[in-house]
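Observations on the three-dimensional arrangement
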Amino acid sequence: MSSAMLTHSGCSLASRTCTRSLAPSPAQPACRRLASFEGMRSVGAVHKCAQSPLRQQRRAAARASRSTPAIEAKQFKVALLGAAGGIGQPLALLLKMNRLVGELALYDVANVVGVAADISHCNTPVKVTGYGKDDLSTALKGADLVVIPAGVPRKPGMTRDDLFNINAGIVKTLIEATSKDAPNAILNIISNPVNSTVPIAAEILKAAGVYDKKKLMGVTTLDVVRANTFVAEAKDLDLKDVDVPVVGGHAGTTILPLLSQATPEVSFSEEDAAAMTDKIQNAGTIVVEAKAGAGSATLSMAYAAARMAESVLLGLDGNDDIWECAYVESSVTKLPYFASKVRLGPSGVEEVRGLGELNSVEQKGVDDLIPILEGNINKGVEFAKTPKNEK
């Protein structure tokens, strides 16, 4: 088959296979691959409202990168640690579809070779290799972006904090390896509890002498994805144009959507705003309970992580006006780490945006989440600094 088109919510992939000696005809476009996470790209959809600044920025970046022939496009190595898990497998598939990925290294302690073999059959040019538990160093060598969804998922009745004792140790081990074998890579941390695993990663990198605050990011994109979806549904808006900043952290009440700063502008009564905030904060728990012990929010998390990875890669590719919310080292509040809008570019996080003008309810939300998030941060720092034999 000479061409294939796959379209799904939030991502469209156009994959063309042809020989270089054949010039493209009007009926056969030039060889190229596209992967977009700027929002649902509906076929034949009529936009109901003006494009948001975020969408305009992402589309401009995508157009600019597509103006270069595919053969000359810059491509990167992405290492996915935890690739055989519930998030890892769909995320690996989405990364296989990304035109900015040249090499995809899939690592896990078990079953990853089969995952790599399966995904490698997809007809996109990304080279896929699976690495088992003894090959972590090889998987990391030369990586430009390291994405870490490794760890155990939430089960009914569990909070993200319940995952700490297991996932903290997993993240610590993986970051120690990354500090040696990919010290210049950008790190996207997905493993929960993100509020604590990012500080753990920072302390490990500092101890190794390779910490760069611009290159360490906790992925909170799923909170934004959920907020965009829920607000668009509630207000009957075109999802492509909705952007709701979500700040704070990535667990419970530390997740704070700034509904007053949504694009396009929306209005909620105080009661409806409280209900919408609660819905966004507890969306993960709803999925865990709905799956009844069979997993957590793996598919939507994979989608959100793929969007974040694409944004990071667009930045590495020279685009310096890509905005996402992420949990990073920050001076926005008194806390050392905080999620807010960040501008991504060639060095990673180029700029951390402040909170802007908050209404009284949002300000109270920030005030209330700070002591909770502070405790999460301190727990991570303490874990990283405690000798192994004392844990």
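Preceding this paragraph is the structure being described.
How each quantity is defined
- Residues numbered from 1 in each chain as written.
- Predicted model: local features only at pLDDT ≥ 70, side-chain atom pairs only at ≥ 80, totals over all residues.
- Heavy atoms only, no water.
- Buried < 20%, exposed > 50% of the residue type's maximum accessible area, 1.4 Å probe, protein only.
- Helix = DSSP H or I, 4+ residues; strand = E, 2+ residues; numbered from the N terminus.
- Pairing = 2+ DSSP bridges.
- Axes fitted to C-alpha atoms, helices over the stretch in contact; angles between N-to-C directions.
- Parallel < 35°, antiparallel > 145°, perpendicular 65-115°, else oblique.
- Contact = heavy atoms within 4.5 Å.
- Nonpolar A, V, L, I, M, F, W, Y, C, P; charged D, E, K, R; others polar.

Of all the seven residues making up strand β4 (residues 101-107), five are buried; the element is thus mostly covered by neighbouring parts of the structure. As defined by bridge partners, strand β3 (residues 76-81) adjoins β4 across six bridges and the pair is classed as parallel. Looking across to β4, one finds that K77 is bridged to E103. By the bridge criterion, five bridges tie β4 to strand β5 (residues 127-131) in an arrangement that is parallel. Residue L106 lies in a different strand from β5, and its bridge partner there is G130.

Right, let's get into the pairing of strand β12 (residues 337-345). By the criterion of burial, β12 is predominantly enclosed, with nine of the nine residues buried. Here strand β11 (residues 322-329) runs beside β12; their pairing, made up of eight bridges, is antiparallel. Within β12, the residue paired with I322 across the bridge is L344. Hairpin connection of β12 to strand β13 (residues 348-352): two residues between the antiparallel strands.

Turning to the packing of helix α7 (residues 221-235) against helix α10 (residues 298-316), a few remarks are in order. The relative placement of two packed helices is expressed as an angle between their axes plus a distance between the axes. Taken N-terminus to C-terminus, the directions of α7 and α10 make an angle of 110 degrees; their axes are 8 Å apart at the nearest point. One way to sum up the angle between α7 and α10 is to call them roughly perpendicular. Residues T221, L222, V224, V225, R226 and N228 of α7 pack against S300, M301, Y303, A304, R307 and M308 of α10. Per-class residue counts for the contact of α7 with α10 are seven nonpolar, three polar and two charged.

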